[in-house]
Amino acid sequence: MIHPTPTKVLLTTTFEPLVRQLSGLLARGVRLIEQFLHAEPTPTTTMIFERELSALLREVGRRIMAWTLNRLEPKADREALSRVSFDGRLYRRRRQHPQVVGTLFGPVTLWRRLYEPCGRRGRSIHPLELRLGIEAGLATPALAERVGYWATDHTQNEVLEIVQRDHGVSWSCTSLRTLLGCLRAGMAPHREGAQVEQVLGWIEQARASRGRFRPTLSVGRDGIFVPLRGGVAQEGATATVSVLDRRGQRVGTVYLGLMPESGQATLTDQLTGLLQAIFQQVDSQLLRLAYVSDEGHHPSTYYHQVLKKMVDPRRPWRRLEWIRIVDFYHACGYVQQLADTIFGAGDEAQNWAKEMRHVLKTKVDGVARVLQSASALRRCRGLRGQAKRYNQAYRYIKTRTQWMRYQSYQRQKLPRGSGITEAACKVVFTQRLKRSGMSWTIAGGQVILDLRVIRLSRVWDDVHRRYLERVA
């Protein structure tokens, strides 16, 4: 902890200089009110009055911020500590330096004293900035938080325009990226703890709901291609953890997102850590555990190598019991593939595929009926498409029969499709990272993803509070 200045402002501090600074602005405010009251009110004059009053009040706030922040550190060297300790290192006092810092009211010049490391080489620090939580030397915590929130949903240029328009702060693209990188580095470590609390709250809400069944914790993961610099696209990944109430209605979802990475090990670690933290605090026997995804390589591998082997932390002698569900709509895609190879393109194929989708969804032995019908038609009619594509679709459905009991899932109010995770690909990635003309670096995209999943999981305020408390 740094204590380079007294912890309390001296009682002898006078506010007279501040009052003198504000007196002219208050006089301007009085004249502005008088002009509006004595003129004929119209929509145009009302808009002008409101805008000018807003700008005036912002300037009042800016001057108060500047005056107040610059009273936190003594100007005279003899009144400041000659040595401070930070992160186990000793620093010696040097002179004050100015730095323009963005605030909600506009830019202010902050005079803060430099302290350089004693002995070994290293980076100098500004204790006042650290104590105030100035983000990347650019913005107060309040403005940095707003900028980070906007960046999760707006492009870089849009954020810069908003900051300039609403707060009078002008930054370069490099400055914005630096600020977002620092904010993400501070907030990301607190994501998991906040998401766990959010999920636990939803579980309690689901347990209080009406219905025949236990609440469901539904997990899924999926991949999506992301445009990278150099004109290439590689597969990123997203994961979801959702709580469904006793009637199978979704209460809420927390999200994870990762830029392209070979093997997707980071997403696996994040999702596994999140689940283990949840099960540390809730009895898994109070829940139904469902894993819903397509049978892509990474989702399938995660089920077989991680979830099937996951031990109940409250009962380390037994494994957790997961209900594996292969996404219904991906299964329907293979039904259509069977139809196309049996009938060829046309109405006959579409009608058979439609009928088989209904059978697959509503019949207890739906998978068996679909396969029997396809086999019988092949024997009678032969194939109009490639046998390889027929065999691929037939084998996909047959080998996953145990995870395609859609009629049973519907009866038990369990999810039949991975719509939640499919939607996550859209809301986590597409809506922000795949707009027209966009391309990303791995590092730059991950900054936005880490901030965006915090917002989408509805834990933004909690995570930012934890971050500020940690800094303090």
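Computed from a prediction, not measured in an experiment: that's the story for all the values here.

(A) Representation of the environment of A424 within the structure. As for its placement among the helices and strands, A424 is situated in helix α15 (residues 419-433). Here A424 is in contact with T238, T240, Y255 and F429, once residues within four sequence places are set aside.

(B) Region of the structure containing unusual backbone geometry. The backbone of D87 sits at a positive phi, close to 55°, despite the residue not being glycine. Within the fold, D87 resides in the loop between β1 (83-86) and β2 (89-103). For Q264, which is not a glycine, the phi torsion comes out positive at approximately 55°. Tracing the backbone through its elements, the reader meets Q264 in the loop between β6 (250-258) and α8 (265-281).

(C) Molecular detail of the nonpolar core. In this structure, L275 and W322 are the most contacted members of the largest nonpolar core, which totals 66 residues. No other element matches the 8 residues that helix α10 (residues 328-343) contributes to this core. With sequence-adjacent residues up to four places away left out, L275 is seen in contact with L217, V219, V241, Y302, L307, M310 and W322. Counting residues in hydrophobic clusters, the runner-up holds 42 residues, among them L183, L228, M438 and V459.

(D) Quick look at the packing of α10 against helix α11 (residues 347-362). Axis separation between α10 and α11 bottoms out at 9 Å; the angle between their running directions is 145°. Crossing of α10 over α11 shows right-handed handedness. Facing α10, whose interface residues are F328, A331, C332, V335, Q336, L338, A339, D340 and F343, α11 presents E348, A349, Q350, W352, A353, M356, R357, L360 and K361. The residue inventory of the contact of α10 with α11, partitioned by class, reads 12 nonpolar, 2 polar and 4 charged.

Each value, and the rule that gives it
Residues numbered from 1 in each chain as written. Predicted model: local features only at pLDDT ≥ 70, side-chain atom pairs only at ≥ 80, totals over all residues. Heavy atoms only, no water. Helix = DSSP H or I, 4+ residues; strand = E, 2+ residues; numbered from the N terminus. Contact = heavy atoms within 4.5 Å. Core = buried A, V, L, I, M, F, W, Y, C linked by side-chain atoms within 4.5 Å. Buried < 20%, exposed > 50% of the residue type's maximum accessible area, 1.4 Å probe, protein only. Axes fitted to C-alpha atoms, helices over the stretch in contact; angles between N-to-C directions. Left-handed = near helix turned anticlockwise from the far one by under 90°. Nonpolar A, V, L, I, M, F, W, Y, C, P; charged D, E, K, R; others polar.

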